[in-house]
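This is what each chain is made of:
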Amino acid sequence: MRASLKFLLVLALAIELAFVRSLWLNLAITACALIYVIYKKISFKRILWLIIVGILPFVGGWFMYYTMSPDHSKTFAWIMATRVYAYIFLGSVLAFSQSMTALMRGFEQDLHVNPTFVYGILGALNFLPKMTRQIKIIRASAKMRGVRLTVFSPQLYVKAIYNSFVWSNNLSQAMYAHGFLEGKKRSHYHHESIHAKEIYLFILILVLSILIALIK
Amino acid sequence: MTAHTSTKNWRIRDVILIGLIGVIFGILFFAFGIPWNTMVSLSGPLVSLVSDQSLAQTIGASQISEQVATAATIGLWVMAGPIAGMIIKKPGASLLGETLAATVEMAVGSAWGISDILSGLIQGAGTEAGFALTGYKRPFAGLWLSTLTSTVITFGFTYFQNSYNRFPISYTLSLFVISYLSILIFAGIVVYLIYTILKKAKLIK
Amino acid sequence: MSIIDFKNQNIEIDGQTILQNINLSINAGDFILLSGASGSGKTTFINELVAKYDKTAARVFQSPDQQFTMETPFYELVFLLENLQYPADQIENKINQILTEFHLENKKNQLVDTLSGGEQQRLALAEAVNLGTQLVILDEPFASIDRQSIRFLLAKVQELQRRGRTIVIADHNPLIYDGLAQRIFLFDKHTITSLPKTDFRQFYDSFKRQNHFHLKSDFQSDRIKIDRLSISFPDQIIFDQASALIPDKSSVLIVGENGTGKSTLLKAMSGLQKFNGKITSRGKISLAFQNPSDSFLKITVQEELFLSQHKSFHEAMAPAAIEDWLTRLSLKDRLDASVYTLSGGEKKKLQLLLLVIQSPDTILLDEPFAGLDQKSVLDLIALLKTSAATKIFISHQLFAMDQIIDHAYQIQDHKLIRLAELS
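Just so it is clear, the structure is predicted and the values come from calculations on it, not from any experiment.

Conventions used here
Residues numbered from 1 in each chain as written. Chains lettered and ligands numbered in written order. Predicted model: local features only at pLDDT ≥ 70, side-chain atom pairs only at ≥ 80, totals over all residues. Heavy atoms only, no water. UniProt positions renumbered as here; feature names shortened; annotations may be inferred. Helix = DSSP H or I, 4+ residues; strand = E, 2+ residues; numbered from the N terminus. Contact = heavy atoms within 4.5 Å. Buried area = accessible area lost by both parts, 1.4 Å probe. Salt bridge = Lys/Arg side-chain N within 4 Å of Asp/Glu carboxyl O. Nonpolar A, V, L, I, M, F, W, Y, C, P; charged D, E, K, R; others polar. Phe/Tyr/Trp six-rings, centres within 6.5 Å; stacked < 30°, edge-to-face > 60°. Buried < 20%, exposed > 50% of the residue type's maximum accessible area, 1.4 Å probe, protein only. Pairing = 2+ DSSP bridges. Axes fitted to C-alpha atoms, helices over the stretch in contact; angles between N-to-C directions.

**Remarks on the UniProt feature "transmembrane region" (unreviewed entry) in chain A**
All names here are of chain A.
Then, in step 1: According to UniProt, the "transmembrane region" (unreviewed entry) feature falls on residues 24-40, 47-65, 77-96 and 199-215.
Then, in step 2: Each end of residues 77-96 is marked by a C-alpha atom, and these two atoms are 29 Å apart; helix forms 100% of the span and strand 0%.
Then, in step 3: Helix makes up 94% of residues 199-215 and strand 0%, with an end-to-end C-alpha separation of 25 Å.

Next up, the structure:
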């Protein structure tokens, strides 16, 4: 499925998970998402990491909902616990099965999102590794001057935001030097209109998820 | 190059800036999240060692304290929105900043998965409402209002998502009060501090 | 035919006049070299050119890591061609053709971040060429690349000029443009002068400077010991079992071609770069970051000074001496200014003053004098000589460096080689 539709579908399922209490829905989504990411050849290490990350909220959530709810319902505890993994693996479908570039270009071509937003956001997200490095540099240089910066120090944010100012200026200049101009028409490499088949699949999965949620 | 076009005054520089603010907070959210889970996971077994409770019960109890602690730190998670809104005083800035921060956090690999994006959207909308109520004309009034609106909207969503109706009402109420204080401190006072420093440093006008 | 005219124009930023009384025209087909110390207004002038020019200008920027907008060379070019409304079905062919021409065909889908400096600048120039506009601006385009890449890129720039494009280049090393540039704009004292052709020879010769280094042959004790240091990046070896001793209380210059790993070495010593092998050092190490803003923590100059005095590792510089240095470095009347509003040169001066006040045991300096005027360089060298710390320098510009340097190492074949002499 194309990235833009996949995003909408994942978001719709996430909303369903947030409001519908169904063990079968949680299990079905976890299983399907897991199969999908394995099919998409996501590394085993990454999947293992996601499983480990979820253990604590899973176990803890079970006992909390079991002890705290007045009727001590085990069914309810199981529902809330399994939802942890449904969220995690649904997220991994979005995060790891296509590039951010493909997703944002999909927004532009399929959903007609304004290119200023598409490429501004994409440009900023491509700075993720650089920003991580910069935050390390900020903390290291503070340490060299005898100051320890933690996540509670406004100075850490101020310096990171200062870098954002500098970089956003430079990057926007670079965008213009690539011939980009707000509101100017662009051509679309490799653009395919959405097929009816993709829409049917989208609706089918949504309807199925609702039917599964109805199983008692 | 100076042509103002049909994008309602949104220049690409503004979008990139908000995007980068989202990236900063996404990285830091992730940094908050990891020590967070380790702390909780270690505290559980430790408590069970010194008390005569079973391990399982203790983990449940620590999860309850996590709910309290989550409420107490919610403000940290909500900061990206008001910062973006204060710096770029345009409709949608808070919503975009917060949502992107949440997306980055998920992409880096957090324990909350796709619910990060949902929370990001909700928290961003909550903050956005505060600025919108002033018509984006009075940033400081907007900031203080946003602490209220984001608490109400964020807590309302958490109420349904985590089925707080199952819990005793007094517990739920105290969670609400803790959440508000946390948002007031981090997404209100700390954001205000950051804004004043940026202004004093002449980085914003 | 002139494409941009300046008539008695002043250029201001935030109420500060950067350049005044500019009177000049840029003509189609010109090859113009901009020369002057950093902070003399070259980049300000370039930004004004871009704003004044009524079409989009093609640009190659100074820092290669902030001129790319997409993840890979392929998507960079897709973005460019789409912006130009290039027919969608011909984009793929066009991209392959561009990548082949600039010897990047194997790098199509590699992350831009992981390209070497030379590859990044080739991609940047490939884009500037294909933007197809009359005006092409290059701002310090060769700052971080090896000689072979410079030759390739210069040939491409010449080819552009032959096709009638207008070229504007700012560079702190003008010698590579000897014989290429048709006009030279000098930036000094807030003005721009167009140098007469008869003075070109003298101008270039003034950059060919001889240094007289007197390197010491032995030393008593060492401050830092580098033992079998190895560092490598994906498909690139930087150091392979390199060893060296840094003498105590000395000033050491590290030399080597661009891209051989000089900055990486400083990062490894200060703990910002992972490595194999062993680096043993005694005492506190401070790194003067290439970008001075990275060293600042407070808001005003005064607050920064207080911080360094307060957090000094050994006995801090005496207040009277600080006063003297503030005057000598022309920072005296900027005490209440925000550090972020200082000019590039003022930031550099403040950064080094703060370091010396704080007196760590070792100071690592990554291009501390980049683009400063000669008086500032002399002042800063005098300042550094007052410090008892061991100092390790990386510096492209060698002006007056012979007054302070007493040891030197060269990076060659992934090793550190101690030099007996240096010219």
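Still to come is the rest of the account.
**Focus: the interface of chain A and chain B**
Then, in step 1: Contacts between the two partners involve 71 residues from chain A, matched on the other side by 65 residues from chain B.
Then, in step 2: For the pairing of chain A and chain B, the buried interface totals around 6,100 Å² over both sides, and the portion due to carbon and sulfur atoms is 81%.
Then, in step 3: When the shortest N-O distance is used, the salt bridge between Arg11 of chain B and Glu182 of chain A registers 3.2 Å.
Then, in step 4: Breaking the side of chain A that touches chain B down by element, the ones donating at least two residues are α1 (3-19), α3 (44-68), α4 (74-96), α6 (115-125), α7 (128-144) and α8 (154-177) of chain A.
Then, in step 5: The leading source of residues in the side of chain A that touches chain B is α8 of chain A, at 18 residues.
Then, in step 6: Residues that form the side of chain A that touches chain B fall into these classes: 50 nonpolar, 17 polar and 4 charged.

**Structural notes on the packing of aromatic side chains**
Then, in step 1: Overall, the coordinates contain 31 aromatic pairs over all chains when judged by the stated rule.
Then, in step 2: Centre to centre, the rings of Tyr85 of chain A and Phe89 of chain A are 6.2 Å apart; their planes meet at 25°, and the pair counts as stacked. In this pair, Tyr85 of chain A and Phe89 of chain A are both assigned in helix α4, 4 residues apart and thus about one turn of the helix distant.
Then, in step 3: Assessed through its relative accessible area of 3%, Phe89 of chain A is described here as buried.
Then, in step 4: Each ring, one from Trp144 of chain B and one from Tyr192 of chain B, has its centre 5.9 Å from the other, and the planes form 35°; the classification is tilted. Of this pair, Trp144 of chain B sits in helix α6 (residues 139-161) while Tyr192 of chain B sits in helix α7 (residues 169-200), placing them 48 residues apart in sequence.
Then, in step 5: Linked through ring pairs, Phe19 of chain A together with Phe155, Phe157, Tyr159, Phe160, Tyr164 and Phe176 of chain B together constitute an aromatic cluster.

**Looking at the UniProt feature "transmembrane region" (unreviewed entry) in chain B**
Residues and elements named next belong to chain B.
Then, in step 1: UniProt annotation of "transmembrane region" (unreviewed entry) refers to residues 15-36, 68-88, 140-160 and 172-195 when read in the numbering used here.
Then, in step 2: The span residues 140-160 is 100% helical and 0% strand by assignment, and the distance between its end C-alpha atoms comes to 31 Å.
Then, in step 3: Secondary structure content for residues 172-195 is 100% helix and 0% strand, and the end C-alpha separation is 33 Å.

**What to know about the pattern of salt bridges**
Then, in step 1: The tally for this structure, following the rule as stated, stands at 27 salt bridges over all chains.
Then, in step 2: One network of salt bridges, in which partners are shared, links Arg105, Glu108 and Arg186 of chain A together with Glu82 of chain C.

**What to know about the sheet that holds strand β10 (residues 236-247) of chain C**
Strand pairing in a sheet relies on backbone hydrogen bonds, with the paired strands running either antiparallel or parallel.
Residue and element names in this part refer to chain C.
Then, in step 1: Reading across the sheet, the 3 strands line up as β10-β9-β12 and stay open at both edges, with antiparallel pairing between neighbours. The two strands at the open ends of the sheet, each matched to only one other strand, are β10 and β12 (276-281). For this sheet the average axis-to-axis angle between neighbouring strands, irrespective of direction, equals 10°.
Then, in step 2: With 8 bridges joining them, strand β9 (residues 222-233) and β10 adopt antiparallel strand pairing. Each bridged residue has a counterpart across the sheet, and for Ile231 the counterpart in β10 is Phe239.
Then, in step 3: On the sheet, helix α7 (residues 262-269) packs against β9, β10 and β12 and is oriented at approximately 120° with respect to β9.

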